[in-house]
Amino acid sequence: MTEPLLLNHVFRVVDGETFAAARDSAWLRELFAPSELRTTRRPDWTYTGLYWYGTTTYLELFEEGAQGPPGASGMAFAVETPGATAAIAAAWHDALGDAEHRLVVRPLGDEAVPWFHIANALPDHRGRLKL
């Protein structure tokens, strides 16, 4: 793969008190960056997060639960070339251990439609990436 990896977003899971403080912060809502509190519903998963949007990337903050325990975090990179996500999963697997590549779907009315492809480390191998 020769295309650059572009930072799409980063996320962090925090405890309920920290999430509530961020959600209720006027400074974060009004001055830090454009933001929203949003619930995402997928066929396999529902979660609520706080989102702060930059020009080309965004920050997600989640309360412990659906996205994991406090301290869980991650980075997402974007690629636009068909097949590039599978190449990323293969490179991850070769360098750091098990990875998966799958298509995520999103509900649209009564149907599930393709949303995006994702490649990620399997949970027992995420510790090899030091964030």
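The structure displayed is predicted, hence computed values, not measured ones. (Residues numbered from 1 in each chain as written. Predicted model: local features only at pLDDT ≥ 70, side-chain atom pairs only at ≥ 80, totals over all residues. Heavy atoms only, no water.)

Trainee: Explain the packing of aromatic side chains here, please?
Mentor: Ring pairs (aromatic) are described by centroid distance and by the angle formed between their planes. Applying the stated criterion across every chain, the model contains 8 aromatic pairs. The interplanar angle of 45° and the centroid separation of 6.1 Å between the aromatic rings of Tyr 51 and Tyr 58 together place this pair among those described as tilted. In this structure an aromatic cluster arises from ring pairing among Phe 11, Tyr 47, Tyr 51, Tyr 53, Tyr 58 and Phe 62. In this arrangement the basic side chain of Arg 38 is found over the ring face of Tyr 51, its NZ or CZ atom lying 3.9 Å from the centre. (Phe/Tyr/Trp six-rings, centres within 6.5 Å; stacked < 30°, edge-to-face > 60°. Lys NZ or Arg CZ within 6 Å of the ring centre and 35° of its normal.)

Trainee: So what exactly am I meant to see when it comes to the pattern of salt bridges here?
Mentor: Side chains carrying opposite charge are able to pair once their charged atoms draw close together. One pass over the structure, following the stated rule, counts 3 salt bridges. One salt bridge connects Arg 29 with Glu 30, and the closest N-O pair in it is separated by 3.9 Å. Linking Arg 38 and Glu 36 is a salt bridge whose minimum nitrogen-to-oxygen distance equals 3.1 Å. (Salt bridge = Lys/Arg side-chain N within 4 Å of Asp/Glu carboxyl O.)

Trainee: Before we go on, may I ask you to explain the nonpolar core in this structure?
Mentor: The nonpolar side chains of a soluble globular protein tend to be buried with one another. In terms of nonpolar packing, the biggest core is built from 8 residues, these being Val 14, Phe 19, Ala 22, Leu 28, Ala 33, Leu 50, Trp 52 and Leu 61. Listing elements by their share of this core, those giving two or more residues are helix H1 (16-23) and strand E3 (45-53). Not counting residues within four places of it along the chain, the set of residues in contact with Leu 28 comprises Ala 22, Ala 33, Ser 35 and Trp 52. (Core = buried A, V, L, I, M, F, W, Y, C linked by side-chain atoms within 4.5 Å. Buried < 20%, exposed > 50% of the residue type's maximum accessible area, 1.4 Å probe, protein only. Helix = DSSP H or I, 4+ residues; strand = E, 2+ residues; numbered from the N terminus. Contact = heavy atoms within 4.5 Å.)

Trainee: Before we go on, may I ask you to explain the sheet that holds E3 in this structure?
Mentor: One key point about sheets: their strands pair by backbone hydrogen bonds, in either a parallel or an antiparallel sense. One open sheet holds the 5 strands; their spatial order is E2-E3-E4-E1-E5, and the pairing between them is mixed. The sheet is open, and its two borders are formed by strand E2 (35-42) and strand E5 (73-78), each paired with just one other strand. Sheet twist, expressed as the mean angle between neighbouring strand axes with direction ignored, is 25°. Note: strand E1 (residues 6-14) against E5, 6 bridges, orientation antiparallel. Bridging from a neighbouring strand, Arg 12 pairs with Ser 73 of E5. (Pairing = 2+ DSSP bridges. Axes fitted to C-alpha atoms, helices over the stretch in contact; angles between N-to-C directions.)

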